Amino acid sequence: MPVIDQRRVLKTEIPGPRSCALHDRKAAAVAAGVGSTLAVYVSEAGGGILRDVDGNQLIDFGSGIAVTSIGNAAPRVVEAVRDQVAAFTHSCFLVNPYESYVAVAELLNELTPGSGPKRTALFNSGAEAVENAVKIARSATGRQAVIAFEHAYHGRTNLTMALTAKNLPYKEGFGPFAGEVYRMPMAYPYRWPTGPDNCASEAFAQFTSQVHTQVGETNCAAVVVEPIQGEGGFIVPAPGFLANVAEWCRDHGIVFIADEVQTGFCRTGDWFASEHEGIQPDLIATAKGIAGGLPLAAVTGRADLMDSVHAGGLGGTFGGNPLSCVAAIASIETMREQDLAGRARSIEAVMRRRLEAMAATFDTIGDIRGRGAMMAIELVEAGTHNPAAERATRVSAACHQQGLMTLTAGTYGNVLRFLPPLVIGDDLLNEGLDILAAALAVQS
Ligand SMILES: *Cc1c(COP(=O)(O)O)cnc(C)c1O
């Protein structure tokens, strides 16, 4: 059980005076490029609640960007990390290995889709995992080109900035970017020019034709894709599109890399979102929800690809740190024991019903989409598909004022996305949705 009282509490304005004082210190000490969505300084968190330094308690619809799926400071994680920190904190797996790293690899090989032999390598961040997946694909195929999609987000390192679609804030002024990255259309049903019914087939036809004419299949090492696009606005590709791309990859000897950094670990109602699409990626990149909030990332995939890299070609000083590894083992046990994939599906059922009722009332909700506890609404000018980014910002700010932590997303900045911890109670979930409905009523 979470130790924090599972109640929303508003004691001061949001943010309160102590948070504001800390934020002044931040402005004087922290690089301005490092932003914060809401300047509420956290003192404790657990279950579906974030407590701040002024004693306010916010309902958490963000999970630190889909990280604390099993809840903040989850009991098993706390215990495992406490024991590990007292035993040893670091040896560097590349220097002196330890069991927990191997155990995490075994668990990931078992849990990820695909029945053949698999291997895993551990890293520190999602971007690092995606970048290493590309390294592995290039090394295994002897080819260079990498295909990414419109609306994609893969991280902030040089190669992953190149893979990421959106300029501001991720890329502006940071070029030149890594070469041999090509961007193809995404099957985005809500914005497909000829409508959602034609989306999967037309997008796939454009994809194959453009790769053929602009890149050449035999030059392609990998296709990198998020099974549900995260920062791009929780875009669920039109049904069948990903399966077609995966099959096409197989036909051309191209490595299919699923970036499950945001969708993985029960978030979408399965262990991995690829399962719902019926695809078995060659390589899967994971991070965010993997270790209950400790920094860890992984590439898991076909043994023949993973083992094709020369000895010493993969790794890093901190990758697979022992604290993160024991936290991942504890997190996976928690997800299994509490059936958090099932819990994500029931969160979807509650959210869908409530969001559909809101869409019936407010014609500024253009689209409701997502899967499991990864749901979003796309806000538009009434009666059109024109993105209403300012309204999304205002609705989100109004939710914050009432003690509901929400995040925005989307290429056009007009998507409100909801990522509650999977352990949130139905009462807090519904209270959060009440706050959202009230904010939409005022800001619509
Ligand atoms: C967050 C994210 C990343 C980058 O992960 P970091 O840990 O921030 O480097 C990559 N891909 C997807 C889909 C993400 O959501």
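Nothing here was measured: the structure is a model prediction, and the numbers come from that model.

The environment of the ligand is formed by Ser125, Gly126, Ala127, Tyr153, His154, Gly155, Glu226, Asp259, Val261, Gln262 and Lys288. Gly126 is positioned with one of its backbone polar atoms (N or O) 2.8 Å from an oxygen atom of the ligand. In the model, an oxygen atom of the ligand is placed 2.8 Å from a nitrogen or oxygen of the Ala127 main chain. Compared with its free state, where it exposes 380 Å², the ligand has 82% of that area covered by protein.

The pairing of strand β1 (residues 42-46) with strand β2 (residues 49-52) spans 4 bridges and is classified as antiparallel. Bridge pairing in β2 places Val42 opposite Asp52. Taken together, β1 and the strand that follows it, β2, pair antiparallel across an intervening segment of 2 residues, in which Gly47 is found at a positive phi of about 60°.

Before going further, it helps to examine the packing of helix α3 (residues 75-87) against helix α11 (residues 322-337). The contact between α3 and α11 brings their axes to 8 Å, and the two run at 155°. As the angle between them shows, α3 and α11 are arranged roughly antiparallel. For the pair α3 and α11, the sense of crossing is right-handed. From α3, Arg76, Val77, Ala80, Val81, Gln84 and Val85 reach across to α11, where they touch Pro322, Leu323, Val326, Ala327, Ala330, Ser331, Glu333, Thr334 and Glu337.

Okay, the sheet that holds strand β13 (residues 404-405) next. Consider a sheet: its strands pair through backbone hydrogen bonds, and that pairing is either parallel or antiparallel. Across the sheet, 4 strands lie side by side as β1-β2-β3-β13; this open sheet has mixed pairing. Two strands bound the open sheet, and with one partner strand each, they are β1 and β13.

The subject of this paragraph is the domain arrangement of the protein chain. Partitioning the protein chain into domains gives domain 1 (17-73 + 339-443) and domain 2 (77-337). Between the C-alpha centres of domain 1 and domain 2 there is a distance of 25 Å. With both chains or domains summed, domain 1 and domain 2 bury close to 3,100 Å², and 57% of this area falls on carbon and sulfur atoms. Summed over the three residues of domain 1 that lose the most area to domain 2, namely Ile70, Arg371 and Met374, the buried surface amounts to 27% of that side. Put simply, domain 1 and domain 2 have 3 salt bridges between them. For the side of domain 1 that touches domain 2, the secondary-structure elements that each account for two or more residues are α2 (63-66), α12 (340-361), β11 (365-371), β12 (374-379) and β15 (415-418). Tallying contributions element by element places β11 first for the side of domain 1 that touches domain 2, with 5 residues. When grouped by side-chain class, the residues that make up the side of domain 1 that touches domain 2 number 22 nonpolar, 12 polar and 7 charged.

What follows deals with the packing of aromatic side chains. Tallied over the full model, the rule gives 11 aromatic pairs. Relative to Phe418, the ring of Phe61 lies with its centre 6.1 Å away and its plane at 70°, an arrangement referred to as edge-to-face. Remark: Phe418 occurs in strand β15 and Phe61 occurs in the loop between β3 (57-60) and α2; sequence separation between them is 357 residues. The exposure classification of Phe61 matches that of Phe418, with both residues buried. With a centroid separation of 5.4 Å and 85° between ring planes, the pair formed by Phe93 and Tyr98 is classed as edge-to-face. A relative accessible area of 21% means that Phe93 is categorised as partly exposed. Following the ring pairs from residue to residue traces out a cluster consisting of Phe149, Phe204, Phe207, Phe241 and Trp248.

On to the pattern of salt bridges, then. Under the defined criterion, the tally for this structure stands at 18 salt bridges. Of the charged contacts, one joins Arg191 and Glu378 as a salt bridge, the two residues approaching to 2.6 Å between their closest N and O atoms. Of this pair, Arg191 sits in the loop between β6 (181-184) and α7 (199-214) while Glu378 sits in strand β12, placing them 187 residues apart in sequence. Counted as one network, the salt bridges with shared partners bring together Arg191, Asp367, Arg369 and Glu378.

Running from amino to carboxyl end, α12 crosses helix α14 (residues 426-443) at an angle of 25°, the nearest separation of the two axes being 11 Å. With respect to each other, α12 and α14 are oriented roughly parallel. Read as a crossing pair, α12 and α14 show a hand that is right-handed. Facing α12, whose interface residues are Arg343, Ile347, Val350, Met351, Arg354, Leu355 and Met358, α14 presents Asp426, Leu429, Asn430, Leu433, Asp434, Leu436, Ala437 and Leu440. Each residue belonging to the contact of α12 with α14 can be placed in one class, and the counts come to 10 nonpolar, 1 polar and 4 charged.

Moving on, we get to the sheet that holds strand β4 (residues 118-123). The 7 strands lie next to each other as β4-β10-β9-β8-β7-β5-β6, forming an open sheet whose pairing is mixed. Of all the strands in the sheet, just β4 and β6 have a single pairing partner and so form its edges. Adjacent strand axes in the sheet meet at a mean angle of 20°, parallel and antiparallel pairs treated alike. Bridge analysis of β4 against strand β10 (residues 297-302) gives 6 bridges, and the strand direction is antiparallel. Directly across from Phe123, in β10, lies its bridge partner Ala297.

What counts and what doesn't
Residues numbered from 1 in each chain as written. Predicted model: local features only at pLDDT ≥ 70, side-chain atom pairs only at ≥ 80, totals over all residues. Heavy atoms only, no water. Near = heavy atom within 4 Å. Polar contact = N/O pair within 3.5 Å; in protein donor to acceptor, adjacent residues only side chain to side chain. Areas by Shrake-Rupley, 256 points an atom, 1.4 Å probe, with all protein chains shown as cover. Pairing = 2+ DSSP bridges. Helix = DSSP H or I, 4+ residues; strand = E, 2+ residues; numbered from the N terminus. Axes fitted to C-alpha atoms, helices over the stretch in contact; angles between N-to-C directions. Parallel < 35°, antiparallel > 145°, perpendicular 65-115°, else oblique. Left-handed = near helix turned anticlockwise from the far one by under 90°. Contact = heavy atoms within 4.5 Å. Domains from an automatic or database assignment. Buried area = accessible area lost by both parts, 1.4 Å probe. Salt bridge = Lys/Arg side-chain N within 4 Å of Asp/Glu carboxyl O. Nonpolar A, V, L, I, M, F, W, Y, C, P; charged D, E, K, R; others polar. Phe/Tyr/Trp six-rings, centres within 6.5 Å; stacked < 30°, edge-to-face > 60°. Buried < 20%, exposed > 50% of the residue type's maximum accessible area, 1.4 Å probe, protein only.

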